[in-house]
Amino acid sequence: MLTESTITTMLPVTDSERAGHFYADSLGLKQTGKGEDGTLYFAAGAGAIGLRTMPAGAQSENTALSFEVSDLSTEVRALEDRGVQFQDFDLEGLKTADHIAELGNERAAWFTDSEGNVLCLHEVLT
């Protein structure tokens, strides 16, 4: 049933063309289709990301999705080389060094897409 379903994360965007370029060019994801309503679909892991045009202000202020990676430092550098700008924090309980926060048994780094949605890369430590 649902445990066997492929998941598509839908993200609100104000400019689907701009967002499509960000997900393809900056993140390196492959566009797999375009819905009749203009939603752009990109392959991501075992699922997909759908970029649906919505009014400004519909974008997520909190982490909308997180990509699990095996080497966070390498992924951060690779995305920076493609123009992605990571956020830095110096708050009680959340501090970053080289854009990466240590969070118990995982590390994470956050950035926004071209539309203002908050995205994350995280690495589970063993």
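Residues numbered from 1 in each chain as written. Predicted model: local features only at pLDDT ≥ 70, side-chain atom pairs only at ≥ 80, totals over all residues. Heavy atoms only, no water.

**Topic: the overall build of the protein**
Reasoning step 1: The helix and strand tally for the protein stands at two helices and 10 strands.
Reasoning step 2: In the protein, the order of α-helices and β-strands from amino to carboxyl end is β-α-β-β-β-β-α-β-β-β-β-β.
Reasoning step 3: In terms of overall dimensions, the protein is globule-like: its C-alpha atoms have a radius of gyration of 15 Å, near the 14 Å expected for 126 residues.
Reasoning step 4: The C-alpha extent of the protein, read off along each of the three principal axes, is 45 × 35 × 25 Å.
Reasoning step 5: With 126 residues in all, the protein has 38% of them scored as buried.
Reasoning step 6: Considering only contacts within the protein whose residues lie at least 6 apart along the sequence, 56% involve residues at least 24 apart.
Reasoning step 7: As displayed, the protein has an accessible area near 7,700 Å², and 48% of this comes from carbon and sulfur atoms.
Reasoning step 8: The averaged location of the 21 negative side-chain charges in the protein is 5 Å from the averaged location of its 8 positive side-chain charges. (Helix = DSSP H or I, 4+ residues; strand = E, 2+ residues; numbered from the N terminus. Rg over C-alpha atoms; globule rule 2.2 N^0.38 Å. Buried < 20%, exposed > 50% of the residue type's maximum accessible area, 1.4 Å probe, protein only. Contact = heavy atoms within 4.5 Å. Areas by Shrake-Rupley, 256 points an atom, 1.4 Å probe, with all protein chains shown as cover. Lys, Arg positive; Asp, Glu negative; His and termini not counted. Charge placed at Lys NZ, Arg CZ, Asp CG, Glu CD.)

**Examining helix α2 (residues 72-81)**
Reasoning step 1: Residues of α2 that are buried: L72, V76 and L79. Considered in projection along α2, the buried side chains sweep an arc of 70° and stay on one side of the axis.
Reasoning step 2: Residues of α2 that are buried in the fold lie against α1 (16-26), β8 (100-103), β9 (106-112) and β10 (118-124).
Reasoning step 3: Of the residues trailing α2, G83 is marked for its positive phi of about 95°. (Arc of directions from axis to C-beta.)

**Describing the confidence of the model for the protein**
Reasoning step 1: Considering every residue of the protein, the mean pLDDT works out to 93; 100% of them sit at 70 or more.
Reasoning step 2: Put simply, strand β6 (residues 90-91) is where the protein has its lowest mean pLDDT, 90, and α2 is where it has its highest, 97. (pLDDT = per-residue confidence, 0-100.)

**A short note on the pattern of salt bridges**
Reasoning step 1: Per the counting criterion, the structure on display carries five salt bridges.
Reasoning step 2: The salt bridge partner of R107 is E102, with a shortest N-O separation of 3.6 Å.
Reasoning step 3: By relative accessible area, E102 is classed as exposed at 52%.
Reasoning step 4: Several salt bridges share partner residues, and in doing so they unite E102, R107 and E123 into one network. (Salt bridge = Lys/Arg side-chain N within 4 Å of Asp/Glu carboxyl O.)

**Points about the layout of surface pockets**
Reasoning step 1: Taken as a whole, the largest pocket encloses approximately 370 Å³ of empty space.
Reasoning step 2: If you trace the largest pocket, you find 17 residues lining it, with A44, G45, I49, L65 and F67 closest to the centre.
Reasoning step 3: Counting only elements with at least two residues in the lining of the largest pocket, the list comes to β4 (47-53), β5 (63-68) and α2.
Reasoning step 4: With four residues, the single largest contributor to the lining of the largest pocket is β5. (1 Å grid on protein atoms, 1.4 Å probe; cavity = no way out; pocket = protein on both sides within 12 Å on 5 of 7 lines; lining within 4 Å. Points joined across faces, edges and corners; volume = space filled by probe spheres on them.)

**Regarding α1**
Reasoning step 1: All of the buried residues in α1 are A19, G20, F22, Y23 and S26.
Reasoning step 2: The residue sitting at the N-terminus of α1 and contributing the capping side-chain oxygen is D15; that oxygen lies 3.1 Å from the backbone nitrogen of E17.
Reasoning step 3: Following α1 by one or two positions, G28 adopts a phi angle in the positive range, close to 75°. (Polar contact = N/O pair within 3.5 Å; in protein donor to acceptor, adjacent residues only side chain to side chain.)

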